[in-house]
Amino acid sequence: MKKTIRRIAATALATVMTVTAACVSLSVSAASGKIRLVVKNETYSVSDGAAWNGILYDKTVDISDGTDALSTVTAALREDNIQLTVNDTQWGSYIASVGNIAENDAAQYSGWMGVQNDWVVNNNLAYIFLRDGDTFELTYSVKMGADIGADWNNPTTALKELSIDGLTLNEEFTPSNTDYTATVGDEVKNIFVLPTAENKNYQVRTYINEYSPVNYGYRKTDSIEVKAGDTLYIGVGNEAWPGSYPAETVYKVHVMAEDAKLGDVNFDGVIDITDATLIQKASIDLVEFSELQNKLADYNGDGRVSVLDTTAVQRMLASK
Ligand SMILES: [Ca+2]
Ligand SMILES: [Ca+2]
């Protein structure tokens, strides 16, 4: 009898411990990241009847990975006792009013829209999932997005602006030019790439050394370590990303050691076998060179990039 009781007690204790362990691991995964949440109205003025204008809320909010934007916004604003109306419809729930500014207040079809990392989201906020480091804005729009940078009538995937915090482009940015260089010297630098899409209906993502749109890439808030020879790729509106239908645009920034040197087609400041191989690949169209790279690749100066340039570079290297 005593034995049985002891066994029951042991089982109960084990159960308690398991439950406790489960609770611990749950609470760890409950806050696995942080996002910046902003609520703003810059389109509907107080003189036109808005309850307020400007930024109502700007805070860092805990999230667990995969949390949706609707529940994150709802929980954060309710915690701060900010007026919030969520309407439930047969198509799902949406935010109808915040801080006493409601949909249709400014004009017919005016209302609250979500902006994730500068992308005006194209879906119900319950289906927009947040990641650690995201910036999520809830923004009032009077003109269905057109007044916050999202224009449904404009299929361009060009960038409007491109700057890099920590690095200066050697060429002035022009939306139609997709190829740039920036000189870093022999340093390793931590930079932030800051692109702005002409049409914020399209996502913008930055990659280094390999354009791999299946991955999230770098956001404006993600630090990127660069050195001479690296290439930054900034894609706009890739077809694999939400909201994209037209042809994407990919901008390139070649990070250079110093001023362009004949033969140094990967801009790392030395001419070596890597350059010879790249020139060979370009001469048979396996890689695509920019205008500047084509100039640097023409090592024998005959006005074209061919296997003769590869040979000339190899000969120069052998004679060193
Ligand atoms: Ca090189
Ligand atoms: Ca040549």
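Because the structure is a prediction, the values reported are computed rather than measured. (Residues numbered from 1 in each chain as written. Chains lettered and ligands numbered in written order. Predicted model: local features only at pLDDT ≥ 70, side-chain atom pairs only at ≥ 80, totals over all residues. Heavy atoms only, no water.)

### Quick notes on the coordination of the calcium ion (ligand 1)
Where we set the bar: For Na, K and Ca the donor cutoff is 3.2 Å, while for all other metals N, O and S atoms count as donors only within 2.8 Å; water does not appear among the atoms, so some sites may look incomplete. The rule is simple: four donors are tetrahedral if all their angles sit between 85 and 135 degrees, four are square planar and six octahedral if opposite donors span more than 155 degrees and the others lie between 65 and 115, and anything that fits none of that is irregular.
Bound to the calcium ion (ligand 1) are the protein donor atoms Asp-264 (OD), Asn-266 (OD1), Asp-268 (OD), Val-270 (O), Asp-275 (OD) and Asp-275 (OD), situated 2.3 to 2.6 Å from the metal. Considering all six donor atoms around the calcium ion (ligand 1), angles at the metal cover 52 to 161° and the coordination shape is irregular. Of note, the donors binding the calcium ion (ligand 1) are all from one chain and are spaced D-x1-N-x1-D-x1-V-x4-D.

### Side note on the confidence of the model for the protein
Here is the rule: Each residue carries a pLDDT score, the predictor's own confidence in it, on a scale running from 0 to 100. When checking whether two residues touch, look at their non-hydrogen atoms; a contact exists if any pair is within 4.5 Å.
Counting all residues, the mean pLDDT for the protein is 89, and 90% of those residues have values of 70 or more. Overall, residues 1–29 carries pLDDT values under 50, and its contacts beyond four positions in sequence, including any with other chains, amount to one contact.

### Considering the side chain of Thr-74
Selection criterion: Secondary structure elements are defined from DSSP: runs of H or I of at least 4 residues count as helices, runs of E of at least 2 residues count as strands, and each element is numbered from the N terminus.
In this structure, Thr-74 sits in helix α2 (residues 69–79). Not counting the four nearest positions on each side in its chain, Thr-74 is found in contact with Leu-84 and Val-86.

### Structural notes on the pairing of strand β8 (residues 135–141)
Put simply, the test is: Relative accessibility decides the category of a residue: with a 1.4 Å probe and only protein chains considered, values under 20% of the type maximum give buried, values over 50% give exposed, and everything between is partly exposed. At least two DSSP bridges between two strands are needed for those strands to be called paired.
Among the seven residues in β8, seven count as buried, and that is most of the element. Alternating residues of β8 divide into Thr-135, Glu-137, Thr-139 and Ser-141 and Phe-136, Leu-138 and Tyr-140, and every residue in both groups is buried. Two strands pair when backbone bridges link them, and strand β1 (residues 33–41) and β8 are joined in this way by five bridges, in the parallel orientation. Bridged to Leu-37 within β8 is Phe-136. Pairing between strand β6 (residues 111–116) and β8: six bridges, direction antiparallel.

### A few points about the coordination of the calcium ion (ligand 2)
Reference geometry at the metal: tetrahedral coordination by four donors gives ideal angles of 109.5 degrees; octahedral coordination by six donors gives 90 or 180 degrees. Protein-derived coordination of the calcium ion (ligand 2) comes from Asp-298 (OD), Asn-300 (OD1), Asp-302 (OD), Arg-304 (O), Asp-309 (OD) and Asp-309 (OD), at a distance range of 2.2 to 2.4 Å. The coordination sphere of the calcium ion (ligand 2) comprises six donor atoms, whose angles at the metal cover 54 to 164°; the geometry is irregular. The sequence motif formed by the donor residues of the calcium ion (ligand 2) is D-x1-N-x1-D-x1-R-x4-D. The buried category is assigned to Asp-309, whose relative accessible area is 0%.

### Brief notes about the sheet that holds strand β15 (residues 249–256)
Applicable threshold: Lines fitted to the C-alpha atoms define the axes, with helices restricted to the stretch that makes contact. Angles between their N-to-C directions range from 0 to 180 degrees.
Pairing in this open sheet of four strands is mixed, and the strands run β10-β15-β14-β12 from one edge to the other. If you trace the sheet from one side to the other, it starts and ends with β10 (179–183) and β12 (204–208), each paired once. The mean angle between the axes of side-by-side strands here comes to 20°, regardless of whether they run parallel or antiparallel. Judged from the five bridges that link them, β12 and strand β14 (residues 231–236) form a sheet pairing that is antiparallel. Paired with Tyr-207 across the strands is Tyr-233, a residue of β14.

### Quick look at the sheet that holds β1
Ordered by their spatial adjacency, five strands build an open sheet running β2-β1-β8-β6-β7, and the pairing between neighbours is mixed. Across the chains shown, the open sheet's two edge strands, defined by having one partner strand only, are β2 (54–63) and β7 (119–120). α2 contacts β1, β2 and β8 of the sheet and is inclined by roughly 110° relative to β2.

### Details of helix α3 (residues 273–283)
Going by this rule: Note that the arc is computed from the directions linking the helix axis to the C-beta atoms. N or O atoms closer than or at 3.5 Å make up a polar contact, with two conditions inside protein: a donor-capable atom paired with an acceptor-capable one, and, for residues adjacent in sequence, both atoms drawn from side chains.
When α3 is considered as a whole, its buried residues turn out to be Asp-275, Ala-276, Ile-279 and Ala-282. Along the axis of α3, the buried residues cluster in a sector spanning 125°; they form a single face. Elements that come into contact with the buried residues of α3 comprise α4 (291–297) and α5 (307–318). The backbone nitrogen of Thr-274 has a side-chain oxygen 3.1 Å away, supplied by the residue at the start of α3, namely Asp-272.

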